[in-house]
Every structure is written in structure tokens, then in C-alpha cells.
Amino acid sequence: MKYCCAILFLSCFFRQSFAQTAPPADRVSIEQELKKLPVLGTVLYIAAHPDDENTRLLAYLAQEKHYRTGYLSLNRGGGGQNLIGTEQGELLGLIRTQELLAARRVDGAEQFFTRAKDFGFSKGPEETLRIWDKEKVLGDVVWVIRKFRPDVMICRFPTTGEGGHGHHTASAILAQEAFTAAADPKRFPEQLKFVQPWQAKRLLWNTFNFGGNNTTSPDQFKIDVGVYNSLLGKGYGEIAADSRSNHKSQGFGTAKQRGSSYEYFKTILGDAPHTDLMDGVNTTWKRVAGGDEINIRINDLEKSFNTENPPKSLPLLMDIYASTQKLTDTYWKTQKLKELNLLIPACAGLWLESYAVNPTYALGDSITIRNQLIDRAGSPVRFVATVIGGQTKTYDKLLPNNQLITSENTALAQKITQPYWLAGPQVHEMYPVANQELVGYPENPDPVTVNWQFVIYGHLITLQRQVMYKYVSAVRGEVYQPLEITPPVTANLDQQDYIFNSNQPQQIVVKLKSFTNASGSISLKAPAGWRITPANASFTGKKSGDEWTAAFAVTSAISKTKTDTVQAIVQVNGKTFTQGIHQITYEHIPNITFFPPAQAKLVNVDLKTAGKRIGYLPGAGDLVPEALQQVGYQVTILSENEILNGNLSGFDAIIVGVRAFNINARLPSEQPKLLEYVKNGGTLLVQYNNNNGLVTNQIGPYPFRIVNVRVTDENAPVTILNPADPVLNYPNKITDQDFKGWIQERGIYFATDIDPKYRTVLQINDPNEAPNKGSLLVADYGKGRFVYTSLVFFRELPAGVPGAYRLFINLISKAKNTN
């Protein structure tokens, strides 16, 4: 038998994950895909962070106009705060990446990134572009433009600063430069091995009215994006809310909006639109050589398509497929074949998926893959073969009507499923991605995939399915999660920092887990000045799933304040591995598993403590309790019942977690008991809160007001206003040296309108700004002490910053003399 050779291997660059391996095949999805076929237009939206995007506009462009729509976020959002857990930095960036992908699955756009890191709030683009490698980030924006080939580019923010955040303004500056640079073959010529220069028709700024800035005006070009889609049964304000509400870590649950709603645009570069966003752009098949014939057939398909009998359209669809294969325009050929590969099996009633039998496999092991296939509509489909890792399993049989077929393949676990941007040694400014072809991907582009080959009406078509792990939950039903490929053995140190304040040894416990049959040894390696015993610990006969620990005694022989790194080294089956394992699980996103370096900080510091028992009232989530336990404190997490009805006098101090006054609606009832504790001689420390959404304005015993004022330079000079203040002298003498080595920022959400009964201990400001005394307030109240601080101890303590430890312990320690 001869087949029309039309094997399709889709470009991975634009792959977007589904919650399951098989895409939707309902009537609405089919009709939406049909409406995409005659449209050849692209729009790229550009901003700085996850959650900056205009989800209503993205949904309208993707699902109403059927343009290929993308969102380029310059960074992954790891510098923000987290309202759902304790993850910070790269961990938060992983969460927010998946939240963006979840949002895109709702609004229909695609997601891209540059290599830039979110280093926290920036007060201007000059700082942002100085900290980032501007030329590299610009190159990444150019790369995405050249690959995505947008007809229209849209910025969320202007270059003039109304967006507030320096990252926001920088995103507009980079977009403006990239608009021209992407078309210039002399700019970033190394990219031209893979892509060609591309000139978008226009660059627009999507003006806005939020944050106290109304940048819209009646004379601007505008689009009503609040229209109702009767097929979807929703307006785009409703779809946008569903999309945006996936940004749960940022507390962005959003109400659904209904009715007419306009988006406004100002032309920055290129021709201005007058009647339509795509003015001057041919968005039909006429833009492609050989497209006229395809367009005629698509018109025939639209006229003849029967929603009650989609398989009837398969002969015409396969003719369109074959004609599309002949196109010389590789961009639109790839894109339209991708759409047809969704539409054809959906119309045929062809369902297929590939899933792994186990959730994890060790590097080098064999993955057992179960393939399931059913022709539910009785379409004339011949199942030819499955191909994975170069191995073909041939079937070559006509599929029976509505009969589930199950088969198995095996594949070698060849590559650890580490997020590609976290694979190398990390630096502050940029993710270390050396491979140009990886840039832009939201996730790893090379998951384990099965290629399924079919013949439909004489044409050979290859469909891809990513291999997932599938299981049945008694609560959630059928659940799909990413397949994990792990090191043979992982090693996790039980703390991320070990604080040494004497030459007494500390125990480091390493938690090991095997994912295969393994024998070997574990050892710790540290720089000179640290003594570690034993030299190593052996293990033998470990099986997949086995967990055990190895303990080492570490002693400091260093007399000065110093921070070093200790690394765990696993020798297993003759090879060396140095990775731990970290898993993040939230129901609104897929499980996240990655493999950080198996290491921790060794911090030698002159540190004195006073008191032992700490009560901790959690807020939005932080790791301060674990940091205090590391230096010997006994930390009790307080419940409402313990606060209202318990005896708090046994605690040497009580600490309120970050943003507790934003998220704990019971704090107004608990606050009187906490202040009574202070009045009777206790110490209460309240960490920072956002000025928006406070459950009460009465945070302390005397008035002050929280405002959105920050010091974002982590090296900003700190002036000690009263060196004799007790909180700077007991039990540790605080000096300028204690403010060295801080990370990301000094403080956020400072206090103002401060009652004179508070002592303002420190003065800080970013360059070229007025000095600010609102970072640390201390008041004597009754027999005790109240402290409010906007200093970012929630970042500094988990990072093992010595001076932050010394100051924080002073704040929660009862001074010898408060007079």
C-alpha cells in the first residue's frame, strides 16, 4: 500500500501543555478550531511579569479574532511575594510559570519568557537594565519576535514610567528597541542560523486606567473586547477573570465582568491602525504562496461542516492537510498543521493518550509507557505504528468502532526533568541558558513523547502525545501529572543554612532517596576551615522508593564571620551525583519537581541569643520559624484558641508572620490579647504588611500608617540613629557591618505618620531619595516591647545573612535595661 507521505513532526517551540495528554474534542473546541483555519494573523503582547498581561485582550484576540496570540513575560516572577505558601525566589518563579501556563490554557494565548530574572521591585528602568544584561535580554526579545513573527506587537506599559515598576518600563523600552532590531540582520546575526529577520507592522501601547493613572483618551484607537461569544457562552470579561484567577500566589482572584468594555491603544512605532488592529496586514491565505487552493477548500469545509456528524468532513480535512504539507512557507505550514493535528482527530472521534505506569523513573532506567486508543465515531482510520526514541512498534490495522485498544512501549530515561533555566549554576541577573534554541520556552521543550502514525483517507499523519503519569484519586478522580526522571539517588540536607556561633560541632542530617537499585556512598565537602566526620557513609542494596538518612558532625575552625557552602556528593553505581529533590504541589497547577544542588550554607557568626520560647502567628507564609529553630529557639505555631484562651506569658516573644494583617480576618479579635501580652511584659514583633487590604489599621499600641514605600537596593546605606538604643545592643552589638551581605532589598511597605511614642531606630533610603525612618519602629508599652518592622527578614533569615540574624534576635530579646 502506498501512502501520501505526510508525516508531521511539529515544532516544539510553541508547544503548550494540556492538563491531560489528549486535547479537548468537544463540539465547541472543534468549531473554534475550524474558525482558526482561515485566519493567518499573529499578535505578541509584551510585559515584565506573570500577571502583567491583559487577559481580556488576549482572550479576545485568540478566541474571537482567532489570531495566533502570545504573551512574552520578561521574567518568571520569582522576586515577588507569595500568598499561598513559603516558596520564594526560584521556587516562586516555578509556581508563577505554571500559573501563567494555566492562565493561557483558559484564554487561548501562548506563553514565552526571556532569561531575565525577577530581582524584586525596581524603581526605574536604569536600575533594571543595569542589573539585567540589557543586550542579552534584548536579544531574547528579538529571538521570540523572529520565531513568533507577530504582525502586531503590543506593550502593556509605556517607556515614560506610568507603569511604576522599573521592570514594567524596561519591558516597553526593550520592546521598542526589539521592534526595529528584529528586522535588522546586523543585529544578533548569530540567531540567523535558526530564524530570519522579521518586521512587525506596528507596535502599540495598550493604555490603561488603573493604579491612579488614566492613560487612555477618546482619540486613541479602541476595541470593544467585552463582546459576547455565543459559542463559548461567555463574554471575554468572564474568560479573562477565569484566566487571571490562576495567579493565586499573587492573590489575583478576579470578579467576572460582563458587557461592553473598551481597550485603548497608542501607536508607538509603525503604521497606526484606523479601523482594525490588523489594518494593512493580510490575515487570509492570500499571504501564503499556494494558499488560494487551501482557502477554497476551507470555504467548502465551512459550508458543508455538520456539527452532528464531524467525521463526514474528514475527506476534505485530509485534502486540506495534504495541501498544507506542500506549502513552502514553513512558518504557516507548521502552524496550520499544528491546528489540523488538533482538528482532525477531534472530528474523527479519535482519542489517544500515552502515560507512564509509574510517576518517577531514574536516569538510565526503562520507562514503561501505556498507550490507549479508541475510534469512537467509527471513522475509517488505519493505525500504523507508535514511535518513541527511534523505536517503531508496527500495528497496521483498521481500527474497530468504539473499541479501546491498549498497548505498551518502553523508552530509556535519558535526561533528568530539570527545568532548563535552572540546570546550570545560578547567577543574580540572568538564567544561565547557553543554548540559543532553548530561549523563550515556558517549559522544557523535549518531554518524553510518543508519535502515533495513522492513515486517514490515504494520508499518513503523525500525532504526538506527551507521556504523563496518570492515576485515580478517590477525591479528584482521574489525575494527570508530569512524568519525573530523577537522579538515581537524591540527597537533601535537612537545613538550608547552618548557623555556627562557637566551635561546638553541629549535626548535618542528609536525607537520601533512591529511585532505582543502588549502592554507593554519601559524603560532604566544604572549604578549608570546616571539619567533617565521618568522611563518608556507605549504603548498599537500596531499592526504588527507599529513604534513609546519614548524619555528619561539622565543626567550625573559623574565628571570623564567614559564609561558606557545604555540598553533598553521592557516589552511586560508579557515578557521581550532587542533586537534591524538591517538590511543590498545589491543585491549581501541575506538580513541580526539580533537582536543586545538594548543598547548604555554613554561616560562622558571633551570635548571642536570649530567651528560648517563641510563639509564632503565621501570615501569608514565610520560613522565619525554621530559621529561628536553626539557632536554638523553640517555636510554637499559635492558633486562635491559644491566643484568646491560652497563657501567653510563657513565651519570651511572639512574632507575627508577613502580611498577617492582610489575610487573617480574626486578627482584630486577637490583637487585644496580643497587646495585653505586651503590656504584661512580653515582646511582640510584627513583620511587614501590604498597605492595601488591612483587616485593621490598629496594628500597634500607638498609631502609624503603612504605605507602599520601599528601599530596593540591598546595599543601600543604613544610618543607625541612636547607637545606644537597647535593641541595637542586647544581646548583640549592632554596627554598620551587620547590614552587609543582605539580598534583594532592604525593606518594603514602610511606616509613616508615626506616633512619637515609637522610637525610629534606623534611617534608610535608595540613591537620590529622601531618608526614611519607617523601617523599624520600637515602642515600650506597659512592661513590654512592641516592634513593627518592614525590613525583609523573611528573605534574609532563610538566606543565612549573619547581620540579619543578629538584629532580629535583638528585636525579640528582652533587654537588660529599657530605660
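Given the structure is predicted, the values throughout are model-derived calculations rather than measurements. (Residues numbered from 1 in each chain as written. Predicted model: local features only at pLDDT ≥ 70, side-chain atom pairs only at ≥ 80, totals over all residues. Heavy atoms only, no water.)

Caption draft 1: Structural detail: the sheet that holds strand 35 (residues 613-617). Reading across the sheet, the 7 strands line up as 36-35-37-38-45-44-42 and stay open at both edges, with mixed pairing between neighbours. Of all strands in the sheet, those with a lone pairing partner are strand 36 (634-637) and strand 42 (759-760), marking the two edges. Here strand 38 (residues 683-686) runs beside strand 45 (residues 784-789); their pairing, made up of 4 bridges, is parallel. For L685, the partnering residue across the bridge sits in strand 45 and is V787. (Pairing = 2+ DSSP bridges. Helix = DSSP H or I, 4+ residues; strand = E, 2+ residues; numbered from the N terminus.)

Caption draft 2: Structural detail: the pattern of salt bridges. Applying the stated criterion across every chain, the model contains 37 salt bridges. With a shortest N-O distance of 3.4 Å, D606 and K608 are connected by a salt bridge. K608 gets classed as partly exposed once you look at its relative accessible area, which sits at 42%. The salt bridge involving R759 is made with D725; its shortest N-O contact spans 2.7 Å. Remark: D725 occurs in the loop between strand 40 (718-720) and strand 41 (751-752) and R759 occurs in strand 42; sequence separation between them is 34 residues. With a relative accessible area of 24%, R759 lands in the partly exposed category. Counted as one network, the salt bridges with shared partners bring together E53, R104 and D107. (Salt bridge = Lys/Arg side-chain N within 4 Å of Asp/Glu carboxyl O. Buried < 20%, exposed > 50% of the residue type's maximum accessible area, 1.4 Å probe, protein only.)

Caption draft 3: Expanded view of unusual backbone geometry. Here the residue pair T533 and P534 is connected by a cis peptide bond, since its omega of -5 degrees sits within 30 degrees of zero. In this model, Y730 is joined to P731 through a cis peptide bond whose omega is -5 degrees. Along the chain, the position of P731 falls in the loop between strand 40 and strand 41. Residue D51 is not a glycine yet carries a positive backbone phi of 90 degrees. Residue placement: D51 occurs in the loop between strand 1 (42-47) and helix 2 (55-64). Residue D51 is classed as buried on the basis of its relative accessible area, which comes to 10%. Non-glycine residue R659 carries a positive phi angle of around 60 degrees. Relative to the elements of secondary structure, R659 occurs in the loop between strand 37 (653-656) and helix 13 (660-663).

Caption draft 4: Molecular detail of helix 6 (residues 166-181). Taking 1.5 Å of rise per residue, 16 residues should cover 22 Å, and helix 6 covers 22 Å from first to last C-alpha, within 8% of that figure. By the criterion of burial, helix 6 is predominantly enclosed, with 13 of the 16 residues buried. (Expected span 1.5 Å × (residues − 1).)

Caption draft 5: View of the pairing of strand 17 (residues 405-412). Burial along strand 17 is one-sided: I405, S407, N409 and A411 are buried, and none of T406, E408, T410 and L412, which face the opposite way, are. Note that strand 14 (residues 366-375) and strand 17 share 8 bridges and pair antiparallel. Paired with Q372 across the bridge in strand 17 is T406.

Caption draft 6: Representation of the packing of helix 2 against helix 7 (residues 236-244). Where helix 2 meets helix 7, the closest approach of the two axes is 8 Å, and the angle between their N-to-C directions is 115 degrees. In this structure, helix 2 meets helix 7 at a crossing whose hand is right-handed. Here T55, R56, A59, Y60, Q63 and E64 of helix 2 come into contact with helix 7, specifically with Y236, G237, I239, A240, S243 and R244. A class-by-class count of the residues in the contact of helix 2 with helix 7 yields 5 nonpolar, 4 polar and 3 charged. (Axes fitted to C-alpha atoms, helices over the stretch in contact; angles between N-to-C directions. Left-handed = near helix turned anticlockwise from the far one by under 90°. Contact = heavy atoms within 4.5 Å. Nonpolar A, V, L, I, M, F, W, Y, C, P; charged D, E, K, R; others polar.)

Caption draft 7: A look at the sheet that holds strand 11 (residues 262-270). One open sheet accounts for 7 strands, arranged 3-2-1-4-5-11-8; its pairing is mixed. Because the sheet does not close on itself, it has two edges, and the strands there are strand 3 (110-113) and strand 8 (221-224). Strand-to-strand twist of the sheet, defined as the mean angle between neighbouring strand axes without regard to direction, takes the value 30 degrees. Bridge count between strand 2 (residues 68-73) and strand 3: 4 bridges; the pairing is parallel. Residue pairing across strands places S73 opposite F113, the latter belonging to strand 3. Across the sheet, helix 5 (residues 134-148) touches strand 1, strand 2, strand 3 and strand 4 (152-155), and the angle it forms with strand 1 is around 165 degrees. Contacts from helix 6 reach strand 1, strand 4, strand 5 (202-207) and strand 11 within the one sheet, and its direction differs from that of strand 11 by about 50 degrees.

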